[in-house]
Amino acid sequence: MSQNNAPQISINDHVAEIQFGDGAKRNALTRSFWTELPELFDKINESPEVRAVVLRSEGKHFSSGIDLDYLRALFPRGNSDPARAREKLRRNILKLQSALTAVEGCRVPVMAVVQGGCIGGGIDLVAACDIIYASEDAFFSIQETNIGLAADLGSLQRLPRRLPYGLLRELAFTGRPLAAREALECGFVTALKEDHEAAIAHAREIAEAIASKSPMAILGTKQAFRIGADDLIERGLDYIATWNAGLMSEQDLAAGIEAALKKKKATFPELAE
């Protein structure tokens, strides 16, 4: 990995493998991730060689979500006009969204391999992939409500196509983890393997099988799956960006982040009458 922990790519036999993160930070999604991931997918889309993508990390956890220091930095400071500050925050949210939209928009299939925790921004990331494989120790959490935030990077827009109605709402409202076995049973995870290495091997095997097919047939198939879904996702992402930019409580978010860092339970004030 590079010193700034930016995602790295290797290509072998028509399969691109992207590895991201810093295991020491539980693969938190830092500034370099959000900047360089869409650039990698732009390169993949321009590469005639790549026919499938495997997305993975190393270490105990797939990702602990967006880096909290980076999250704090996204909030404008020192601007005397709240409207201008909120407009800038909305642009920041849309920029993060676009990084994951680049994953979803990849012209070839993208497979995520998940081990350990896939939390917050991590589940936003895998929701943008075509297929998810996992190890037995994997779990998924829409973490944002635990820190006083409505998830705004794609989970609420993409997961309705992948999870049952009531289950998704339970997960989003409570932030409770979805264990690997339950994720397999409800179809969110396509295959479950005993450990991380076995899950990676399985993903590579499927990627190689996809790469052996006509690339034009695969391209057409993926585009057919996307017909009708793109507009709904785009409108949903725009709405949640506007909601969080205008109505997110920075007081609640600050309290939630502090509680998360201290591993304590946050408390929040009542709604207005």
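This structure is a prediction, so every number in the text was calculated from the model and none was measured.

On to the overall build of the protein, then. A tally of helices and strands in the protein yields 11 helices and nine strands. When burial is assessed residue by residue, the protein has 49% of its 273 residues classed as buried. Across the protein, contacts joining residues at least 24 apart in sequence account for 74% of those joining residues at least 6 apart. Surface exposure of the protein reaches about 13,700 Å², of which carbon and sulfur atoms provide 54%. Side-chain charges in the protein split into 32 positive and 37 negative, and the spacing between the mean points of these groups amounts to 3 Å.

What follows deals with the sheet that holds strand β5 (residues 117–119). The strand order β5-β7-β8 describes an open sheet built from three strands, whose pairing is mixed. Each edge of the sheet is formed by a strand with only one pairing partner; in this case those strands are β5 and β8 (178–179). Of the strand pairs in this sheet, strand β7 (residues 139–141) and β8 are connected by two bridges, and their pairing is antiparallel. Its bridge partner being in β8, F140 is matched across the sheet by L178.

We now examine the sheet that holds strand β3 (residues 52–57). Spatial ordering of the open sheet is given by β1-β2-β3-β4-β6-β9, a layout of six strands whose pairing is mixed. The strands lining the two open edges of the sheet, one partner per strand, are β1 (8–12) and β9 (191–193). Ignoring which end each strand starts from, the neighbouring axes of this sheet average 20° apart. Relative to strand β6 (residues 131–135), strand β4 (residues 110–114) runs parallel, the two sharing four bridges. The residue bridging A112 from the neighbouring strand is I132, located in β6. Contacting β1, β2 (15–20), β3 and β4, helix α1 (residues 31–46) runs over the sheet at an angle of about 175° to β2.

Conventions adopted
Residues numbered from 1 in each chain as written. Predicted model: local features only at pLDDT ≥ 70, side-chain atom pairs only at ≥ 80, totals over all residues. Heavy atoms only, no water. Helix = DSSP H or I, 4+ residues; strand = E, 2+ residues; numbered from the N terminus. Buried < 20%, exposed > 50% of the residue type's maximum accessible area, 1.4 Å probe, protein only. Contact = heavy atoms within 4.5 Å. Areas by Shrake-Rupley, 256 points an atom, 1.4 Å probe, with all protein chains shown as cover. Lys, Arg positive; Asp, Glu negative; His and termini not counted. Charge placed at Lys NZ, Arg CZ, Asp CG, Glu CD. Pairing = 2+ DSSP bridges. Axes fitted to C-alpha atoms, helices over the stretch in contact; angles between N-to-C directions.

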